[in-house]
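Observations on chain architecture
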Amino acid sequence: MAGARVLGMPWTQARRRQLLASRVDTTVAVVSLMRRLQKAPHVLVSASAVGCYGASPNASMEPLDETAPPRPGEFQSDLCAAIEHEARRAEALGVRAVRMRFGVVLGHGGGAYPMQALAARLGLGAVLGHGRQPAPWIHLADAVGLVRFAIAHPHLQGPVNAVAPDAVTQATFARALAASFGRRAWLRMPGLPLRVMLGEMSTLLLDGQNAVPSAALAQGYRFVHPRLSAALADLAEADRAETGLAWTEY
């Protein structure tokens with residue numbers, strides 16, 4: 001797991017090279033190390049994202065399992081494909097390669113959740129665009145749990161969608177996040193200005209992938225937080241415990 005932050009700086013050509021190198025070069029280095037070892041490890045668990053399926057056209061909620069194809073020519077899809085291409089080289093060494101495709105990981109200490117939670121606490125939660133785009137997510141406990149599961153279960157290999165089974169739209173996610181803090185998501189950000197300002201990077205916000213965790217469920221993984229409302233309540237409760245305040249007091 002490595003790489004420069006995907007959402008943030010504009011996807012200029014220089015930024016795209018940095019995003020690629022920070023992930024692909026690390027994967028190449030790990031596989032190169034495996035080749036030099038007298039005994040290769042049993043398993044490599046690599047991390048890419050559900051962005052490998054590209055931007056779903058027309059906010060499609062069609063389920064995408066691990067057999068769904070990439071969308072060549074879309075940067076987020078090409079980025080994930082490049083990572084997974086290098087990870088699969090470990091298979092030639094007799095290493096079981098598990099390619100995790102993460103949705104948005106919800107947890108404290110980094111990633112998308114802290115800033116989203118701050119906005120929601122302040123009553124600034126927003127529906128982006130029409131809000132019907134899929135919003136694949138996973139609680140940090142299950143993100144870690146799936147990695148541990150992949151290491152421990154020898155029959156799990158290939159691509160694995162690391163997403164919760166509760167498929168929601170971005171509007172549903174925004175409202176549930178706000179509700180976890182006793183707030184409402186009353187703002188709406190039109191899609192066109194975001195597409196103009198952010199270019200292709202706007203697809204991370206305005207398009208989505210309804211990825212489903214078929215491989216994980218088939219192998220018997222049991223999600224700690226399978227439902228969005230309970231996952232967000234768990235995270236909000238951790239916030240309350242840390243501050244000692246109830247959000248309704250604001």
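Above this text you will find the structure in question.
Here's what I pulled together on the structure shown here. Every value quoted in this text rests on a predicted model; they were computed, and no experiment measured them.

Quick look at the pairing of strand 6 (residues 158-162) now. Counting buried positions along strand 6 gives five out of five residues, so the element sits mostly inside the fold. Here five bridges tie strand 2 (residues 96-102) to strand 6, and the two strands are oriented parallel to one another. The residue bridging Phe102 from the neighbouring strand is Ala162, located in strand 6.

On to the pattern of salt bridges, then. Scanning the entire structure with this criterion turns up seven salt bridges. The partner of Arg101 in a salt bridge is Glu84, and the shortest N-O contact between them spans 2.8 Å. Taken as a pair, Arg101 in strand 2 and Glu84 in helix 2 (residues 75-88) lie far apart in primary sequence, 17 residues in all. The same class applies to Arg101 and to Glu84, which are both buried. The closest approach of N and O atoms between Asp207 and Arg195, which form a salt bridge, is 3.2 Å. Taken together, the positions of Asp207 in the loop between helix 7 (203-206) and helix 8 (214-218) and Arg195 in helix 6 (residues 191-198) put the pair twelve residues apart, joining distant regions of the chain. You can call Asp207 buried: its relative accessible area is 15%. Judged by its relative accessible area of 36%, Arg195 is partly exposed.

Thresholds, definitions, all that
Residues numbered from 1 in each chain as written. Predicted model: local features only at pLDDT ≥ 70, side-chain atom pairs only at ≥ 80, totals over all residues. Heavy atoms only, no water. Buried < 20%, exposed > 50% of the residue type's maximum accessible area, 1.4 Å probe, protein only. Helix = DSSP H or I, 4+ residues; strand = E, 2+ residues; numbered from the N terminus. Pairing = 2+ DSSP bridges. Salt bridge = Lys/Arg side-chain N within 4 Å of Asp/Glu carboxyl O.

Honestly, it's all geometry; don't read function into it.
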